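Coordinate analysis (summary)
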Amino acid sequence: MTVRMAVATETFEAGRILLVEDASGLQRQMKWALTPYRVTEVGSRAEALKQFKANGPFPIVILDLGLPPDENGATEGLKALQEILTYAPRTKVIVASGHTERSSAIQAVAKGAFDFFEKPVDIDALKITVARALRMCGLEEENDRLRSAPSGLNGIVFASPKMAQIERMIERVGPAAVSVLVFGETGTGTEVVARAVAG
């Protein structure tokens with residue numbers, strides 16, 4: 001079954017994880033191990049895609065490749081990976097699978113998996129990978145915010161109050177017919193400031 005979804009607008013709610021695992025015992029174990037993250041468990045590709053559609057994109061998905069109806073293969077899991085990333089390209093999908101054929105791991109990474117773990121999963125290593133993936137999600141969102149932030153310094157992106165103060169000074173001095181001396185260490189942006197003052 002193919003579930004069609006429009007591409008999501010990706011604003012993630014931090015700390016949410018979608019666990020796609022058909023074994024209920026492993027679901028409970030991994031949910032407990034991943035405390036304090038908010039873990040939603042599903043057992044199939046269709047359920048995973050319904051969760052995305054109903055609740056927006058998850059920043060992290062932990063995905064078993066051996067999903068029904070192909071528990072002993074990887075086709076269903078690889079389809080889920082592809083559909084999740086088509087819907088939410090920035091979601092970090094961590095594949096945790098008992099399907100240990102090297103070709104499956106290579107295919108998963110080639111299709112965009114963030115990382116690949118063989119079962120039984122080393123929970124400490126998984127938690128480190130989840131934290132790294134969430135950090136990357138946060139950096140990507142911050143990068144988007146900074147790119148879209150208005151700036152009068154010829155498109156320079158900044159976030160510090162000191163740079164905002166410099167921007168206001170340039171806005172006041174720029175239109176005036178006065179000489180301005182801009183000085184500073186090499187590589188600190190003096191040329192950029194000079195261009196902004198010149199207009």
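Residues numbered from 1 in each chain as written. Predicted model: local features only at pLDDT ≥ 70, side-chain atom pairs only at ≥ 80, totals over all residues. Heavy atoms only, no water.

Here's the deal with the overall build of the protein
Note the cut-off: Helix and strand assignments follow DSSP, with helices taken as H or I runs no shorter than four residues and strands as E runs no shorter than two, numbered in order from the N terminus. Relative accessibility thresholds used throughout: buried, under 20% of the residue-type maximum; exposed, over 50%; partly exposed, between the two (1.4 Å probe, protein chains only). Throughout, a residue-residue contact means that at least one pair of heavy atoms, one from each residue, lies within 4.5 Å. Here the accessible surface of atoms and residues is derived via Shrake-Rupley with a 1.4 Å probe, and residues count as covered only by protein chains that are part of the display.
Scanning the protein from terminus to terminus reveals seven helices and five strands. Counted from the first residue to the last, the protein has its helices and strands arranged as β-α-β-α-β-α-β-α-β-α-α-α. For the protein, the proportion of its 199 residues judged to be buried stands at 40%. Partitioning the contacts of the protein with sequence separation of at least 6, the portion at a separation of at least 24 is 59%. When the accessible area of the protein is evaluated, it comes to approximately 11500 Å², of which 54% is carbon and sulfur surface.

Concerning the pairing of strand β1 (residues 16-20)
Condition: Any two strands with at least two DSSP bridges between them are considered paired.
Across the five residues that make up β1, a large majority, five, are buried. Burial along β1 is two-sided: R16, L18 and V20 and I17 and L19, pointing in opposite directions, are all buried. Sheet topology places β1 next to strand β3 (residues 60-63); four bridges connect them, and they run parallel. Along β3, the bridge assignment pairs L18 with V61.

Quick look at the nonpolar core
Our working definition: Put simply, a nonpolar core is a bunch of buried Ala, Val, Leu, Ile, Met, Phe, Trp, Tyr and Cys residues held in one set by side-chain atoms that sit within 4.5 Å of each other.
L18, V20, F52, V61, L63, L81 and V93 are the most contacted members of the largest nonpolar core, which totals 25 residues. At the level of elements, β1, α2 (45-55), β3, α3 (75-87), β4 (92-97) and α4 (102-110) are the ones that each hand at least two residues to this core. Of all the elements, α3 adds the most residues to this core, at six residues. By size, the runner-up hydrophobic cluster in this structure holds 16 residues, among which are L19, A96, F117 and A133.

Topic: the pattern of salt bridges
Keep this limit in mind: Any Lys or Arg side-chain nitrogen located within 4 Å of an Asp or Glu carboxyl oxygen qualifies as a salt bridge.
With the rule as written, the count across this model stands at eight salt bridges. E21 is the salt-bridge partner of K119, the closest N and O atoms lying 2.6 Å from each other. Here the residue K119 occupies a position in the loop between β5 (115-118) and α5 (123-148), and E21 occupies one in the loop between β1 and α1 (24-33), the gap between them amounting to 98 residues. Judged by its relative accessible area of 2%, E21 is buried. Note that D115 is salt-bridged to R132, the shortest N-O span being 3.2 Å.

Points about unusual backbone geometry
Here T35 and P36 are connected by a cis peptide whose omega angle stands at 15°. Its location among the elements puts P36 in the loop between α1 and β2 (38-42). Between K119 and the following residue, P120, the backbone shows a cis peptide bond with an omega angle of 0°. For P120, the position within the fold is in the loop between β5 and α5.

So, the side chain of E76
Worth spelling out the cut-off: For the purposes of these results, a polar contact is taken to be a pair of N or O atoms within 3.5 Å, where, inside protein, one atom must be able to donate a hydrogen and its partner to accept one; residues adjacent in sequence count only when each atom of the pair is a side-chain atom.
Among the secondary structure elements, E76 is positioned in helix α3. A polar contact is formed between the side chain of E76 and the side chain of R45, at a distance of 2.9 Å. Non-local contacts of E76, meaning those with residues more than four positions away in its chain, are made with R45, L65, L67, P68, P69 and D70.

Describing the confidence of the model for the protein
Threshold: By definition, pLDDT measures how confident the predictor is in each residue, and it falls between 0 and 100.
Averaged over every residue, the pLDDT of the protein is 82; the share at 70 or more is 86%. Confidence, expressed as mean pLDDT per element, reaches its minimum in the protein at helix α6 (residues 161-173) with 78 and its maximum at β3 with 95. In this model residues 1-11 is a low-confidence stretch, pLDDT under 50, and it forms 25 contacts with partners more than four residues away in sequence or in other chains.

Let's talk about the pairing of β3
Residues I60 and I62 line one face of β3 and the alternating positions V61 and L63 line the opposite face, and both faces are buried. Pairing between β3 and β4: four bridges, direction parallel. Along β4, the bridge assignment pairs L63 with V95.

Concerning the packing of α2 against α3
As a reminder, the rule being used: The convention used is that axes are lines fitted to C-alpha atoms, helices contributing only their stretch in contact, and that angles between N-to-C directions extend from 0 to 180 degrees. The labels follow the angle: roughly parallel below 35 degrees, roughly antiparallel above 145, roughly perpendicular from 65 to 115, and oblique for the rest. Note on convention: near helix rotated counterclockwise from far helix by under a right angle means a left-handed crossing. Clockwise means right-handed.
Where α2 contacts α3, the two axes come as close as 9 Å, and the packing angle between them is 15°. Taken together, the axes of α2 and α3 are roughly parallel relative to one another. Here α2 and α3 pass one another in a crossing that is right-handed. From α2, R45, L49, F52 and K53 reach across to α3, where they touch E76, K79, A80, E83, I84 and Y87.

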